Amino acid sequence: MAPSETDRLYYTDCYLREFDARVVEVKAESRGFRVYLDRSAFYPESGGQPADTGTLDGLPVLEVADEGKAVAHVLAKKPENDPVKGKIDWARRFDHMQQHTGQHVLSSAFEKTGGYKTVSFHLGKESSTIDLNSDRIGSRQIEEAVDSANRILFENREVRIFFAPTDAASRMELRKPTSREGDVRLVEIDGFDLSACGGTHVSRTGAVGIITVRKSERIKGLARVEFVCGGRALGKARDDYRFLSGAALQLSTSLENVPSLIQKQSAELRNAQQAKEKLQERVAEYRALELLASATERKGRRIVRAIVSPCDLEDPKLLAHAVVRQGSATALIGLKGEPAGLIFAQSAGGPDDMNAVLRQTVAQVGGKGGGSRDFAQAGGLDNGNLDKALTIAASLLS
Ligand SMILES: [Zn+2]
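By convention here, each chain's residues receive numbers from 1 onward along its written sequence. The model is predicted, so local features are restricted to residues of pLDDT at least 70 and side-chain atom pairs to those at 80 or more, both for listing and for counting; the totals for chains, interfaces and linings are taken over all residues. Side-chain measures were taken over the full set of non-hydrogen atoms in the model, leaving aside hydrogen atoms and water.

A. Representation of the domain arrangement of the chain. What fixes the domain bounds is an automatic or database domain assignment. The domain boundaries assigned to the chain delineate domain 1 (7-88), domain 2 (93-248) and domain 3 (279-396). A C-alpha centroid distance of 73 Å is found between domain 1 and domain 3.

B. Quick peek at the coordination of the zinc ion. In this structure, His100 (NE2), His104 (NE2), Cys197 (SG) and His201 (NE2) serve as the protein donors to the zinc ion, at separations of 2.0 to 2.2 Å. Taken together, the 4 donor atoms coordinating the zinc ion span angles of 92 to 124° at the metal, a pattern that classifies the geometry as tetrahedral. Coordination shells were defined by N, O and S atoms within 2.8 Å of each metal, extended to 3.2 Å for Na, K and Ca; water is absent from the atom set, which can make sites look incomplete. When the donors of the zinc ion are listed by position in the chain, the intervening gaps give H-x3-H-x92-C-x3-H. Taken together, the positions of His104 in helix α2 (residues 90-114) and Cys197 in the loop between β14 (193-196) and β15 (211-219) put the pair 93 residues apart, joining distant regions of the chain. Taken individually, His104 and Cys197 each receive the classification buried, so the pair is uniform in this respect. Square planar and octahedral sites, with four and six donors, are those where opposite donors lie more than 155 degrees apart and all other angles lie between 65 and 115, tetrahedral sites have four donors with every angle between 85 and 135 degrees, and the rest are irregular. For the purposes of this entry, the term helix denotes a DSSP run of H or I that reaches at least four residues, the term strand denotes a run of E that reaches at least two, and both are numbered from the N terminus. Three labels apply to residues, based on accessible area from a 1.4 Å probe with only protein chains included: buried if under 20% of the type maximum, exposed if over 50%, partly exposed otherwise in between.

C. Region of interest: the pattern of salt bridges. A pairing counts as a salt bridge when a side-chain nitrogen of Lys or Arg comes within 4 Å of a carboxyl oxygen of Asp or Glu. Enumeration over the complete set of coordinates arrives at 28 salt bridges. Taking the shortest distance from any N to any O, the salt bridge between Asp240 and Arg214 comes out at 2.9 Å. Taken together, the positions of Asp240 in helix α5 (residues 230-251) and Arg214 in strand β15 put the pair 26 residues apart, joining distant regions of the chain. A network of salt bridges, in which partner residues are shared, links Glu29, Arg31, Arg34, Glu63 and Glu67.

D. Inspection of the sheet that holds strand β10 (residues 118-123) at higher detail. Across the sheet, which stays open at both edges, the 4 strands sit in the order β10-β11-β16-β15 with antiparallel pairing between neighbours. In this open sheet, the two strands that pair with only one neighbour each are β10 and β15. Strand-to-strand twist of the sheet, defined as the mean angle between neighbouring strand axes without regard to direction, takes the value 20°. Alignment of β10 against strand β11 (residues 128-132), held across 5 bridges, turns out to be antiparallel. Looking at the pairing, Ser120 lines up with Asp131 of β11. Lying on the sheet, α2 is in contact with β10, β11, β15 and β16 (222-229); it crosses β16 at an angle near 135°. In the packing of α5 onto the sheet, contacts are made with β10, β11, β15 and β16, and the angle to β16 comes to roughly 90°. By definition, two strands form a pair when at least two bridges between them are found by DSSP. For helices, the axis comes from a line fit to the C-alpha atoms of the stretch in contact; other axes are also lines fit to C-alpha atoms, and the angle between any two N-to-C directions lies between 0 and 180 degrees. Contacts were defined at the residue level, with two residues in contact if any of their heavy atoms lie within 4.5 Å.

So this is what it looks like as structure tokens:
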């Protein structure tokens, strides 16, 4: 048999933090017990708003579930007393009231300023989102709606909650209609919005504080707008200030100069990187000529053997390519490092298979790698084995 209907105290008084209630029924379940009360101020998860947390007789309430007529409180232990004392985690609840009321105001503002309808609402841990029925919403449309919404907060308008029979409610102009049977709970923001809603709200718009948008994105023909209200907006503003002043300190500039200075420095960095790449090419060419001058010769080919240390201006891959570009040559290059590596290359169409030479070499000295017929590389070697590796590789050349 279904538990009897719970009198939802938050329906008429969203500011009720503590209450006494009789225990109507207790059912065992996997996490402990589902406790049913004759009345409760606990908000169950519903309509995009998360459930309240808090305690019943000092026992933490793990979950509050909406079972239609009844509200179930999930507890790990059975309460010993009857009646029980319920306490709502007020900081969390008030935060939800700010976000949820802010959502009504913002959704109505989007509808009034641009005709955009809210198709869904999610109240998240850090921020909330509404999905609007158009993906053609730019920053200008968002600013207009946010300005309009905040004006309604500054005017500190009354937020009224009342009930109306379904047929009467269906004749009203509701921004958000309902499919609920029986009496409909209506939330009215004086002269601005009327919606059917079972959630918890502040009593005047001023208590929402401020509404700010944090992000907007297009999702399958909709616009998802992320926003924060009240205490969350204050927290985000504080975070923003901390991040921005940290960046300003790093750049030795004022807060408002941070974006332009980052842009300028990024351009400088790109130029410096391009200049460095050109220099690396030049250095590789000079170094290749130097190594070729002292290279050994075998059957008309010059064989370069070198062990190089990692260096900003010397790139071993560029060096290998520079060597094999100079006529008929083979480059056997060991790269010092943790771990060390090998690069084997030959001029295009040379007589050996660099991939095979490399694989046979690492089979004897350790490491892992591979490549093509003219270019192969390996890593994961010990520095102490580089010289031996080059000797083995040289002996494998035809
Ligand atoms: Zn609501």
